[in-house]
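Architecture at a glance
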Amino acid sequence: MSERSSRFRYGYSEIFVTVLLILLALVVIAPLIIPLLFAFKTQLEFSYHPWSLPKALLMSNFSDAWKAIRIDQGLVNTFIVAIGAIITTLPPAFLAGYIFARYKNKVTEVAFYCILVGYFVPAQMVLIPLYKFEVATKLSNTLYGLFLVMATFGIPFWTLIYRSFFSGLPNELTEAARIDGASHSKTFFRIMLPLANPATVLALLLVFIGAWSDFLLSLILLTDQNLFTMQLRVNSFLGAYGTDRMPRYASAAIIAALPTIILYIAGHKWIIKGTIAGAVKE
Amino acid sequence: MSREPKPKAHGVRDPKKGPFIFLFLLPAFLFLIVFMYYPIEETVRLSLTKTTGMGSGVFVGLENYQKLFLSEEFHQGLWHVFTWAFWSCIIQIPLAFLVAFGLTYYGNKLTGPLRSIFYLSNVMPSAIIAMLGKFIFAPRYGIISSLSSAIGWKWLGSIDYLGDPRLAFWSLFAVATWAYTGFPIIYLMARIEQIPRELREAAELDGASAWRYARSVVLPDLNYPIRILAVLSTVGSIKLFDLPKMMTAGGPGFSTVTLGITLYNQGFVNWNYGSASAIGVIIFVLSLLFTVIQFTVGNREGKPI
């Protein structure tokens, strides 16, 4: 294939397709951009000139939206849940994944299939017993009652990921460490776990995003408004305030979407790479 | 457990190995036993009992299932879930293929940024997607209504996209297409990028057009990933809950009811645990069925996934 110096190597067809894709991309992010046009206006200005640039940068819609759903409290709760989910998902997953990769025998094989089953159980299936169990044990309406369940539904998947990651590491490393007299657990924590850092970074990001985004489990397990996560607050906002006061609605949408957007801008390469790696594994 | 025969793993007999394996597997199993295995057993048991409170209830056999199969809400839920799955495969996957092919065929400086933009809405929490979906389709002030009023198309602005029972389902579907086509795009892109360069060069030497290359080289290679995507969207549709719950609450009427919504309504609105658990079992069986199909398809293909 000839290398030409032009940025568009294929001429008009490339320019045409690229422009088309750019337009499509604009349509795709439009719902995230347009709220910016509405959010800084008064209701009056919005109803007369919804599509013009705002005359002044009015901030009161943001503070209204902030107060209406107590976003500060929501952020704190969601953050606790997400961190809790990470702390309780990763260690069980990397410990089990290591065993399944490196200590293969009949018993661990059976154990592996038991964990694999968990990967196919949708949370919806066990919603009722989970709810009953958490109410009976006073775990419902606690943040840890929520993230423990999230961890349970994350562990099978991450065990699979860690298993395939540890399987890919060369055997000689562990053998050498074992010959030097390191115990099983020392070999794991000193040598193998640090080598699994790529998988761990991936897990950190994706577990965080998953816990941050959860709706169904939070909806069932949290009824105390003070404990509501961001997504539950957004849901209450949708129920309580219609779209009639659009500027405030748009402000709330911006505030609610912002944490994910920031995280995405910072980590989009990792997130996409990790998602594909996870999907291709299956 | 420590008495297992030793294969090649470490050569020498090691009495510490058994306890070590046990300790390392323990945390994962503690989680799964308490929050998954036990609840699974309970779901099955509850689905066979009649209970409304905290009492243990009476065994009624398959009565809950029978009642479900006769209820309008369940029929609608089942119908919507599979209609949703069908149209996801018909619309979202071909769309994703076109975008993925366009982005990879002319790999230039914009490919990376565009891929990131297409995937952005996929990492958004469903609550935000629902919020933005309402923002798009709201009557009077929503994007579509106010934009079409601004350019004078009053008829388009006066449609109630989420309140009209004939339209609500399709409005939700449009929101999902907007929000979730990014995953098939990046997945197919990753697959297309794995196609050896030589094939592309050979096609170009033969004077094959982009379209011809897409049809004769790329598409056959994507046969398997596309089927995987079809299974994934079907399983996803079976579990559909968040968007209809937040945007229309299953309404108006039963027009956007899904299996998940029916489960929620039975369990947490009517407090009918037996019926809700029966739906849970049905959701599990259906999604397992399609996952098994995925694996058998995968095996027949003989490819490591």
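Since the model is a prediction, treat every value here as computed from it, not as a measurement. (Residues numbered from 1 in each chain as written. Chains lettered and ligands numbered in written order. Predicted model: local features only at pLDDT ≥ 70, side-chain atom pairs only at ≥ 80, totals over all residues.)

Each partner contributes residues to the interface: chain B has 80 residues there, and chain A has 80 residues. A per-class count over the side of chain B that touches chain A returns 54 nonpolar, 15 polar and 11 charged. (Contact = placed C-beta atoms within 7 Å. Nonpolar A, V, L, I, M, F, W, Y, C, P; charged D, E, K, R; others polar.)

Let us look at helix α3 (residues 72–105) of chain B. Between its first and last C-alpha, α3(B) extends 48 Å over 34 residues, near the 50 Å set by a 1.5 Å rise per residue. The largest bend in α3(B) is about 35 degrees, located at S88(B). (Helix = DSSP H or I, 4+ residues; strand = E, 2+ residues; numbered from the N terminus. Expected span 1.5 Å × (residues − 1). Bend = angle between axes of the 7 residues up to and from the residue.)

Residue and element names in this part refer to chain B. In terms of burial, helix α14 (residues 259–269) is largely enclosed, as nine of its 11 residues are buried. L259, G260, I261, T262, L263, Y264, N265, Q266 and G267 are the residues of α14 that are buried. A positive backbone phi angle near 55 degrees is found at W271, which sits one or two residues after α14. (Buried ≥ 20, exposed ≤ 12 C-beta atoms within 10 Å, placed from the backbone.)

What follows deals with the packing of helix α6 (residues 127–136) of chain A against helix α1 (residues 17–47) of chain B. Packing of α6(A) against α1(B) brings their axes to within 8 Å, and their N-to-C directions diverge by 110 degrees. Our classification of the angle between α6(A) and α1(B) gives roughly perpendicular. In the crossing of α6(A) with α1(B), the sense of the turn from one axis to the other is right-handed. Between α6(A) and α1(B), the residues in contact are I128(A), P129(A), L130(A) and F133(A) and F35(B), P39(B), E42(B), T43(B) and L46(B), respectively. Its residues assigned to classes, the contact of α6(A) with α1(B) comprises seven nonpolar, one polar and one charged. (Axes fitted to C-alpha atoms, helices over the stretch in contact; angles between N-to-C directions. Parallel < 35°, antiparallel > 145°, perpendicular 65-115°, else oblique. Left-handed = near helix turned anticlockwise from the far one by under 90°.)

The subject of this paragraph is the packing of helix α8 (residues 171–179) of chain A against helix α9 (residues 184–195) of chain A. All names here are of chain A. Between α8 and α9, the shortest axis-to-axis distance is 10 Å and the interhelical angle comes to 140 degrees. As the angle between them shows, α8 and α9 are arranged oblique. Relative to α9, α8 is oriented so that their crossing is right-handed. Contacts from L173, T174, A177 and R178 in α8 reach T187, I191 and M192 in α9. Counted by class, the contact of α8 with α9 contains four nonpolar, two polar and one charged residues.

This brings us to the nonpolar core. Ranked by internal contacts, the top residues of the largest apolar core, which has 173 residues, are Y162(A), A100(B) and M131(B). It is helix α7 (residues 143–168) of chain A that provides the largest number of residues to this core, a total of 16 residues. Beyond its immediate stretch of four places on either side in the chain, A100(B) contacts I185(B), L188(B), M189(B) and I192(B). (Core = buried A, V, L, I, M, F, W, Y, C linked by C-beta atoms within 7 Å.)

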